[in-house]
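Now for the letters of each chain:
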Amino acid sequence: MQPTELTADCCIVGGGPAGLMLGYLLARSGLSVVVIEKHPDFLRDFRGDTIHPSTLEIMRHLGLLDELLTLPHQRAEKLQAEVAGQEITMADFSRLPVQCRFIAFMPQWDFLNFLASKAAAFPGFMLLQSTAFDDLIYAEGMVSGVKTLQGNDTHIIHTSLVIGADGRNSQVRTKAGLQSKSFGSSRDVLWFRLGKQVTDPEWGMGHKGPKQNFIVIDRGDYWQCGYTIQKGEFDALKLAGLETLKQAIAEVAPFSAERMAELDGWDQLKLLSIRIDRLDQWMKPGVLCIGDAAHAMSPIGGVGVNLAIQDAVAAANCLTLPLKKGHVTLRDLQKVQQRRQFPTVATQFLQIKMSSNKRKRTTPSKVPQMISRFPFLRHLFGRLIGLGFRTEKPEYTQ
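- In the annotation of an unreviewed UniProt entry, the entry for the protein chain reads FAD-dependent oxidoreductase, and the organism field reads Candidatus Pantoea communis.

And the structure:
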């Protein structure tokens, strides 16, 4: 069978928040764009489900906010933490200069389905699911397309630009030979669910944590729980046995030890291996990486998804006109990294400091003490978490 060949102004690898946002923006501007996604749907658990005020403001500018907020979600006007038995407001969003002064906790698959449905309304948009990236295609020394696999069938997509939005394990950046620096991480996270009970506290803000390495997120009919462990500790925990781990979790969780009986198998725990890294150069001729493909973030603050979306908006702003002209230069691609480099480096710097291995696991962080002493810090952290170091606004429409 001959490979199926397609032609588009842009091919985006990865149907996550960055990929679908960029696909939507480019299609909205009248460009033809193909997004390839290796999975048949978006139903993956324990993905980044926080939609920050910065992203909600983008949705407002696009005229999509009201409809988005009709989807089931919980809102957090503040982020609370319990440290040494004391309840502390770590971040307060009430003074942000935007319409939505809260974080919306929404299952990522709902957000992605929403974006995909809105993008599909434009004739130039195409989403190919169950389609895996295989390799880059070159012509005259620059990337000119991708080869994909859909089952046993090979497809060729010819394009002026390939965008790698395929996450922290990006195959696009590997195939492009882009080099990165790793800044490590001293922690991993074990995610799991606990069912709600009528006697549970009403944590109305949607999120509670961390309490001695434990995080709780309200998902409506269940609690999403995160238990942080030392980097690489998971194998040793498995050797010690599930019951030993459940006892350790119960010591720091705000739930009774009996509730841990819901965990009756290792398949109920999802390991998130945390790392912080970023590419030296996000691009080479014909290809650009954004989001986690360009800079893997720690889950601290839940900012990864929102940084990725800001990348997508910046990419659309910088590249729409070159794509319409049919010629995207290396200089055009460099403008995206130049625009997004500072917020990436600054955010990672804070995450590295906050997750430093110099602090023992049982030693409380000094940050809550500082916030208690200087209450204005909760509004500063609210701005850094809610809006980041630089916000982007969509510029181009059809």
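## Some details on helix α4 (residues 108-119)
Link 1 in the chain: In a regular helix each residue adds 1.5 Å, so twelve residues correspond to 16 Å; α4 covers 16 Å between its end C-alpha atoms and thus fits that length.
Link 2 in the chain: Those residues of α4 lying buried are Q108, W109, F111, L112, F114, L115, A116 and A119.
Link 3 in the chain: Contact partners of the buried residues in α4: α1 (17-28), β3 (50-51), α2 (53-61), α3 (65-68), β8 (125-128) and α8 (304-325).

## Looking at the sheet that holds strand β7 (residues 103-105)
Link 1 in the chain: If you walk across this open sheet you meet the three strands as β3-β7-β4, and the pairing is antiparallel. Edge positions in the sheet fall to β3 and β4 (74-76), since each of these pairs with one other strand and no more.
Link 2 in the chain: Of the pairings in the sheet, the one linking β3 to β7 comprises two bridges and is antiparallel in character. Across the sheet, residue T50 finds its bridge partner in β7, namely F105.

## Section: the packing of α1 against α8
Link 1 in the chain: Orientation of α1 relative to α8, taken along the N-to-C sense of each, is 30°, at an axis distance of 8 Å. Considered as vectors, α1 and α8 are oriented roughly parallel to each other. Between α1 and α8 lies a crossing whose hand is right-handed. Across the interface between the two elements, P17, A18, M21, L22, L25 and L26 from α1 touch V305, A308, I309, A312, V313, A315, A316, T320 and L323 from α8.

## Brief notes about the environment of T89
Link 1 in the chain: Position of T89 relative to the elements: it lies in strand β6 (residues 86-92).
Link 2 in the chain: With a relative accessible area of 12%, T89 lands in the buried category.
Link 3 in the chain: Setting aside chain neighbours within four positions, we find T89 in contact with K78, L79, Q80, I371 and R378.

Rules used in this analysis
- Residues numbered from 1 in each chain as written.
- Predicted model: local features only at pLDDT ≥ 70, side-chain atom pairs only at ≥ 80, totals over all residues.
- Heavy atoms only, no water.
- Helix = DSSP H or I, 4+ residues; strand = E, 2+ residues; numbered from the N terminus.
- Expected span 1.5 Å × (residues − 1).
- Buried < 20%, exposed > 50% of the residue type's maximum accessible area, 1.4 Å probe, protein only.
- Contact = heavy atoms within 4.5 Å.
- Pairing = 2+ DSSP bridges.
- Axes fitted to C-alpha atoms, helices over the stretch in contact; angles between N-to-C directions.
- Parallel < 35°, antiparallel > 145°, perpendicular 65-115°, else oblique.
- Left-handed = near helix turned anticlockwise from the far one by under 90°.

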